Amino acid sequence: MSRFLTATVEEITDSRDGIQRVLAGGRKAYVLTQLIGSVGVGDEVVLNVTATDLQLGTGGWDVVHWNLSRRDWHEPGGGHVMKLRYTSLQADVGVTEEAAELDTPLVGLPVVACFLHSQIAAVALAFAEEAPGRRLGYVMTDSAALPLALSDLVADLRDSELLHTTVTVGHAFGGDLEAVNLISGLAVARSAGCVAVIVGPGPGVVGTATPTGFSGIEVASIIDSVAAVKARPVVAVRWSGADPRSRHQGVSHHVSTVLQLAHAGAWVACPVEYELGELPVHHQRAVVAIPDISEGLTRLGVTTMGRSPEEDRGFFEMSSAAGVVAARMLDS
């Protein structure tokens, strides 16, 4: 069950749109300002410390649940559609569908489906190398972290102009634009001028070591949904040469499970020097030469499961192949 503590804010260590990082009672915590407003030094706050107690993937951060130094708080929302519905933090973020009729055709749109948040950096860097100046979008699903503001990686990709538009769908929130579901989210991104889209989770996916108990299983439904609207699904393969768990060595069992579950076919991207193994017959292997994105990865400081690109080069190279495939689809 949940555990809460009260503490006093001692320092604001960092902030950007949607998030503050603070030190409170000697503990690192973050504030989702879109939900509860900002805090100041000296404010007494309530911390949700459940995830850090359990040593889960929050990076050692507590979450500020409420600022006790104010009696109430209100900020006008973006419409009538709420996310985090029926929780004490439900918010009227609004969605693009309320303001616009989304009849944007999705036929032919390259859509890269990712299993992990860290894959999007390699996809975006490779796409930029292959299709310079072309607009790439990111649709964040609600299978992991719900606030997009938590992603330092997305903030850096936006600052580097490697992502043009972000869309948060389902109960995920905080993107440049909000949408109700994946298909609407793709239409929103395309309406914003994106010629290709990455779809994937935020930070903090779940895995249980069971055959199907993992967040990335959503990739199967992403493939099917994308194919149903005649867009073109591309799978960013999860691959590792350094993961100590046998189920994730080489091509992860997550990939093979998803490819078996998906009814529609997808392009499964792979660099020329790697092996995918046998694929289900309805999927198509897309073998490509990949650009050197190591400088970009170093600049972004991206890691996966705590491992740098030098420590797990294959993870990032395999993911980059999907960016190349998506870019080459633009002129085909």
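Scroll up a little and you will see the structure.
Residues numbered from 1 in each chain as written. Predicted model: local features only at pLDDT ≥ 70, side-chain atom pairs only at ≥ 80, totals over all residues. Heavy atoms only, no water.

Student: Got a sec to walk through the pattern of salt bridges? Specific residues and values, please.
Tutor: This structure, assessed with the given rule, holds 12 salt bridges. Put simply, Asp14 and Arg21 hold a salt bridge, and the shortest N to O gap is 3.5 Å. With relative accessibility at 36%, the residue Asp14 sits in the partly exposed group. A network of salt bridges, in which partner residues are shared, links Asp14, Arg16, Arg21 and Asp152. (Salt bridge = Lys/Arg side-chain N within 4 Å of Asp/Glu carboxyl O. Buried < 20%, exposed > 50% of the residue type's maximum accessible area, 1.4 Å probe, protein only.)

Student: Outline the side chain of Ser319, supporting the account with residue identities and numerical values.
Tutor: Along the chain, Ser319 falls in helix α10 (residues 313–329). When sequence neighbours within four positions are dropped, the list of residues in contact with Ser319 reads Gln119, Ala122, Val123 and Val237. (Helix = DSSP H or I, 4+ residues; strand = E, 2+ residues; numbered from the N terminus. Contact = heavy atoms within 4.5 Å.)

Student: Requested: an account of the packing of helix α7 (residues 218–228) against helix α8 (residues 253–261), with residues and values cited.
Tutor: Put simply, α7 and α8 touch, their axes get as near as 8 Å, and they point 40° apart. In terms of orientation, α7 lies oblique with respect to α8. Crossing geometry of α7 relative to α8 is assigned as right-handed. Across the interface between the two elements, Val219, Ala220 and Ile223 from α7 touch Val258, Leu259 and Leu261 from α8. Across the contact of α7 with α8, the residue classes tally to six nonpolar, no polar and no charged. (Axes fitted to C-alpha atoms, helices over the stretch in contact; angles between N-to-C directions. Parallel < 35°, antiparallel > 145°, perpendicular 65-115°, else oblique. Left-handed = near helix turned anticlockwise from the far one by under 90°. Nonpolar A, V, L, I, M, F, W, Y, C, P; charged D, E, K, R; others polar.)

Student: So what's going on with the sheet that holds strand β9 (residues 177–178)? Residues and values would help.
Tutor: Think of a sheet as strands paired side by side through backbone hydrogen bonds, with each pair either parallel or antiparallel. The strand order across the open sheet built from eight strands is β9-β8-β7-β10-β6-β11-β14-β15, with neighbouring strands paired in parallel fashion. Looking at strand neighbours, the two that pair on one side only are β9 and β15 (284–288), the edges of this open sheet. In terms of strand pairing, strand β7 (residues 136–140) meets strand β8 (residues 165–168) through four bridges, oriented parallel. Within the sheet, the bridge partner assigned to Val139 lies in β8 and is Val167. Where α10 meets the sheet, its contacts fall on β6 (110–113), β11 (232–235), β14 (267–271) and β15, and the angle it forms with β14 comes to roughly 120°. (Pairing = 2+ DSSP bridges.)

Student: Provide a residue-level description of the sheet that holds strand β2 (residues 19–24), including the pertinent values.
Tutor: The mixed closed barrel is built from five strands, whose spatial order is β1-β2-β3-β5-β4. Taken over all neighbouring pairs, the strand axes of this sheet differ in orientation by 55° on average, direction set aside. Note that β2 and strand β3 (residues 27–32) share six bridges and pair antiparallel. For Ala24, the partnering residue across the bridge sits in β3 and is Arg27.

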